[in-house]
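# Summary of the model geometry
Spelled out from the first residue to the last, the chains are:
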Amino acid sequence: MGSGASVSEVSQPEMLEAGVEPEPDPPRASAPAGRSDDTVQVDEDVVKPDSHTVDIQSLKSEEIDTQREEEEEEEEEEEETTQTVVNTAVNETVEEGEEVSLDFESFLHNNGTLYSCFNHHGNRVYVDESQKLQPFPKDWYSQGRFITPNSESSGQPQTVASSQPAVREDDRIGSIYIQGRGTVITYMFEERVNICRFWDLQAGVWLLLPLQWEMNDEFVQARVQRVMSALPGLVDQKEITAALRQCNYDPEEVISIYLAMFGELLLQAPPGADHNYADLNSFRALLERDRVIEDLRQKLQTKEKEVDGLFQKNSYLTREVRYLNEVVQHLNQKLAELEADKQEAREKIRSLLSRRAPAVPPAKTIIKPTVDPDQLCQVSRLTRELNVSNKQLRSTVRQALTDMQNQLEQLKGSVGKVAQVEQEAAGEVEELRSLYRKEAVERKSLYNKLLELQGNIRVFCRCRKSSASNSCLENTNDQDVVVVQKGNKKKFQFDKVYPPSSTQEEVFTGTLPVITSCVDGYNVCILAYGQTGSGKTYTMMGPKENPGVNIRSIRELLRICAEKEKVSYTLKISMLEIYNDSLNDLLAKSSGATLDIRVQGKSVSVPGLTQVQVQTEADILSVMETGEKNRKIASTKMNIQSSRSHLVVALEVEGSDEVSGLMSRGTLTLCDLAGSERISKTEAEGQRLVEAAAINKSLTALGQVFSALKCNALHIPFRNSKLSLLLQPCLSGDAKCCVFVNVSPDAKDAAETLSTLQFGSTIRQVSLGKATQNIVPNKNKTSQVK
Ligand SMILES: Nc1ncnc2c1ncn2[C@@H]1O[C@H](COP(=O)(O)OP(=O)(O)OP(=O)(O)O)[C@@H](O)[C@H]1O
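Residues numbered from 1 in each chain as written. Predicted model: local features only at pLDDT ≥ 70, side-chain atom pairs only at ≥ 80, totals over all residues.

## Re the sheet that holds strand 12 (residues 480-485)
Strand order across the open sheet formed by three strands is 11-12-13, with antiparallel pairing between neighbours. For this open sheet the edge positions go to strand 11 (473-474) and strand 13 (488-493), each flanked by a neighbour on one side alone. Inspection of the sheet shows strand 12 paired to strand 13 by six bridges, in the antiparallel sense. Note on strand 13: the bridge partner recorded for valine 483 is lysine 490. Packing against the sheet, helix 21 (residues 750-764) makes contact with strand 12 and strand 13, and its axis sits at approximately 145° to strand 12. (Pairing = 2+ DSSP bridges. Helix = DSSP H or I, 4+ residues; strand = E, 2+ residues; numbered from the N terminus. Contact = placed C-beta atoms within 7 Å. Axes fitted to C-alpha atoms, helices over the stretch in contact; angles between N-to-C directions.)

## Quick look at the packing of helix 7 (residues 218-230) against helix 8 (residues 237-246)
Where helix 7 meets helix 8, the closest approach of the two axes is 10 Å, and the angle between their N-to-C directions is 110°. Classified by the interaxial angle, the pair formed by helix 7 and helix 8 is roughly perpendicular. Contacts from Val220, Arg223, Val224, Val227 and Met228 in helix 7 reach Gln237, Ile240, Thr241 and Leu244 in helix 8. Residue classes in the contact of helix 7 with helix 8 are distributed as six nonpolar, two polar and one charged. (Parallel < 35°, antiparallel > 145°, perpendicular 65-115°, else oblique. Nonpolar A, V, L, I, M, F, W, Y, C, P; charged D, E, K, R; others polar.)

## Thoughts on unusual backbone geometry
Even without being a glycine, asparagine 580 presents a positive backbone phi close to 50°. In this structure asparagine 580 comes out as partly exposed when scored by C-beta crowding, with 17 C-beta atoms within 10 Å. Look at aspartate 581: it is not a glycine, yet its phi comes out positive at around 65°. Structurally, aspartate 581 can be placed in the loop between strand 16 (567-579) and strand 17 (582-585). (Buried ≥ 20, exposed ≤ 12 C-beta atoms within 10 Å, placed from the backbone.)

## Let's talk about the nonpolar core
The biggest cluster of nonpolar side chains holds 82 residues, and the ones touching the most others in it are Cys461, Cys518, Cys525, Leu557, Leu651, Val739 and Val741. The element best represented in this core is helix 18 (residues 686-710), accounting for eight residues. Dropping the residues within four chain positions of it, cysteine 518 is found in contact with Val524, Leu557, Val653, Gly666 and Leu668. (Core = buried A, V, L, I, M, F, W, Y, C linked by C-beta atoms within 7 Å.)

## Quick notes on the site of the ligand
Neighbouring the ligand are 14 residues; Gly535, Thr537, Tyr538, Ser643 and Gly675 lie closest to it. A total of three residues in the shell around the ligand trace back to one element, the largest contributor, which is helix 14 (residues 536-540). Considering only residue class, the shell around the ligand consists of two nonpolar, nine polar and three charged. (Near = placed C-beta within 6 Å.)

## Here we look at the confidence of the model for the protein
In this model, the protein carries a mean pLDDT of 73, and residues with pLDDT of at least 70 account for 67%. The secondary structure element of the protein with the lowest average pLDDT is helix 1 (residues 8-17), at 32, and the one with the highest is helix 14, at 94. Overall, residues 69-101 carries pLDDT values under 50, and its contacts beyond four positions in sequence, including any with other chains, amount to 44 contacts. Note on residues 781-786: pLDDT under 50 across the span, and twelve contacts to partners over four residues away in sequence or across chains. In the model output, the complex is listed with pTM 0.48 alongside ipTM 0.98. (pLDDT = per-residue confidence, 0-100.)

## Examining the pairing of strand 12
Bridging between strand 11 and strand 12 involves two bridges; their strand directions are antiparallel. By the bridge assignment, leucine 473 is partnered in strand 12 with valine 483. Counted between consecutive antiparallel strands, the loop separating strand 12 from strand 13 contains two residues, among which lysine 486 sits at a positive phi close to 50°.

## Some details on helix 13 (residues 512-519)
Of all eight residues that make up helix 13, six are buried, and the element is covered over most of its length. If you check which residues of helix 13 are buried, you get Pro513, Val514, Ile515, Ser517, Cys518 and Val519. Just downstream of helix 13, glycine 521 is the residue with a positive phi angle, here 105°.

## Section: helix 9 (residues 251-262)
Look at helix 9: 16 Å from first C-alpha to last across twelve residues, which is about the 16 Å you get at 1.5 Å a residue. When helix 9 is considered as a whole, its buried residues turn out to be Pro251, Val254, Ile255 and Tyr258. Down the axis, helix 9 shows its buried residues gathered within 100° of arc, on one side only. Across helix 9 from its buried face, at more than 90 degrees, point the exposed residues Glu252 and Ala260. Close packing links the buried residues of helix 9 with helix 7 and helix 8. (Expected span 1.5 Å × (residues − 1). Arc of directions from axis to C-beta.)

## Some points on the packing of helix 7 against helix 9
At a minimum axis distance of 9 Å, the contact between helix 7 and helix 9 shows a crossing angle of 35°. Where helix 7 crosses over helix 9, the two elements pack in a sense that is right-handed. Contacts between helix 7 and helix 9 involve Arg223, Arg226, Val227 and Ala230 from the former and Pro251, Val254 and Ile255 from the latter. Looking at the contact of helix 7 with helix 9 residue by residue, the class counts come to five nonpolar, no polar and two charged. (Left-handed = near helix turned anticlockwise from the far one by under 90°.)

## Quick notes on the environment of serine 553
Within the secondary structure, serine 553 is located in helix 15 (residues 549-563). For serine 553 and threonine 516, which are 37 residues apart along the polypeptide, the C-alpha to C-alpha distance reads 9.8 Å. What serine 553 contacts, discounting residues up to four positions off in sequence, is Phe508, Thr511, Ile515, Ile526, Leu668 and Leu670.

## Let's talk about the environment of glycine 112
For glycine 112, the location among the structural elements is in the loop between strand 1 (102-109) and strand 2 (114-120). The exposure class assigned to glycine 112 is exposed, which follows from the 7 C-beta atoms found within 10 Å. The spacing of glycine 112 and glycine 144 is 32 residues in sequence and 8.9 Å in space, taken between C-alpha atoms.

This is the structure:
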């Protein structure tokens, strides 16, 4: 709209950008900040031809007609009313932050005089020759015309009606019902700079429609849904609405922009579809990190393949060398044999020659040769042949030796090259590994930051199933639960509210993120709080055929451990119960010995507590079964009910990373608290009274710890009970905690339900300090993260 619109038009986008919802009160008309002179001082500079209100009149001409009729009916009061308007306009002073709407116009009288006018709350005044404000006379409407900048430039004078800009076909006029405000008329301007606005009857101007209101509009909702269905990874409806505004409510344009920015990542729903990222930038950074890690992993795989190829080539060449060595050896052997043959032949010749030349008889004695000349010829031929073959053999062997030597030299050269390439590849692999380690650590820290943003303590409310027709719970939705007690209603908010119809699987899903953290080396605790019979044991342990959080979280933990091939994990389980403020080891071979808690600095331990090393789910189930059995035997012996004690199952997870050489140690503590109940209500006596008092004392101490954490007290009273002391590592700085507050929907339990929800509400306001990872370098490994 025009510059005559109120200051609220300027301030609204700032509110929307900051994600602040405006007050539901209708905006009041006021002067724009820094333009307080608009109210009274009318000088030539300020009073310019302007028709900012005219388009409004065209849209709402009926309203103006009605207004005029009313004015005629009140003709007697006209003088007085107009005078009041003038006085108001003249005397109006602008307080800081107050809004005034003034619309400036020029009126050309048929007598040729141009008057500066302005309109305040539907009342028009003009500036007369002596620069004084006068009420605009009614008969002047037929004695002149209002001039707009357009009509001036074209030189075509216009009537009041014809100066109103037409509403284009593409522009959309609608209405929306806003609670506390009624139905407001909305208008979506086609120009990109202008966004959804509504007509404020009171202020008489078009105001920006707050983003939150706009999200209620069916037209906008349909487009938001279109974007969300095309991009399941995009979950922030406010962001989508803002993007739609920027794209002139064109969902296809929004989809193509997001796809161009984030690729196909947004085509898949984020892990945990009910997950709402508090900080979309963290989510994007996380996705970006994942992409980098994936690239690095692929690079690492390529390099490893290259190294494998080189190793294969190397072993092939080694085999070749070995074969050639064998050939050389064989040829040497043959040469030796030939030498021996040659020697033998020589011997033979020598013997033949000696036989040919016998002892010389005395002179003149003619001795007939004893050797047959044919034989001799044969021998000499043989000798010649032998000599020739000997020469050939020598040259063949010499040639073969030279060839082999050459081949050996070549092989030596390529082996050297292979070694060099291998060395280079090993260096690259090491570099990639260190990058991978760095990225993995960074990813973990980002994941952890995400959890920190969501809060290190998450509180869930689970409503038990009920057969009673009277329910004290109503209006439950995803995060809110309302308790009705004696006609009074009280609403509580939690990270998630599980209605009676929720399944064990759905309830477990809420705890998934913290289980991943336990494997990464954080102390993690899941505990159930609530009155007796509200479903704590059902939530934590559950029946065998439909197990609860305990078994499911252990299963998930084992699955994550198995997934990490390069990390070897050692798991140890312990089980204890706290009855009447004393600790009983449920896995001890011999019963009876009570345990104590030792505190050293920040570490809390139970000396003498049995820890059993486990590997599989079956191992864990069998250990837990033993613990449960021991708990029952002990409770029967002492004539107590097992549910009158707190049960604490702790699973210690120690990981050793082969690649990074780092050691991590996290603990998953699963705690089924004894039922909170009022002694007066149960009318407990004797042993039962002592138990109830001990339970209440320990739960009160736990409540005091949460209250102290809530107000960041310097002293946190962990030592007030064994329960709170034992849970100290799960509730102080370096832990992540999920608390289930279990409630009964029965009307008769309304008081207990209310107090349980109040307890849960206190916990929800606690934010633990920054969680720290229990990671140390593995002493057996030399490599560490740099
Ligand atoms: N969500 C549920 N669906 C079906 N049955 C349930 C549910 N929650 C609780 N129950 C049933 O209600 C009864 C009481 O539940 P449970 O023993 O878990 O209560 P509890 O809070 O652990 O009590 P206590 O403090 O005495 O140990 C059990 O029979 C259990 O099977």
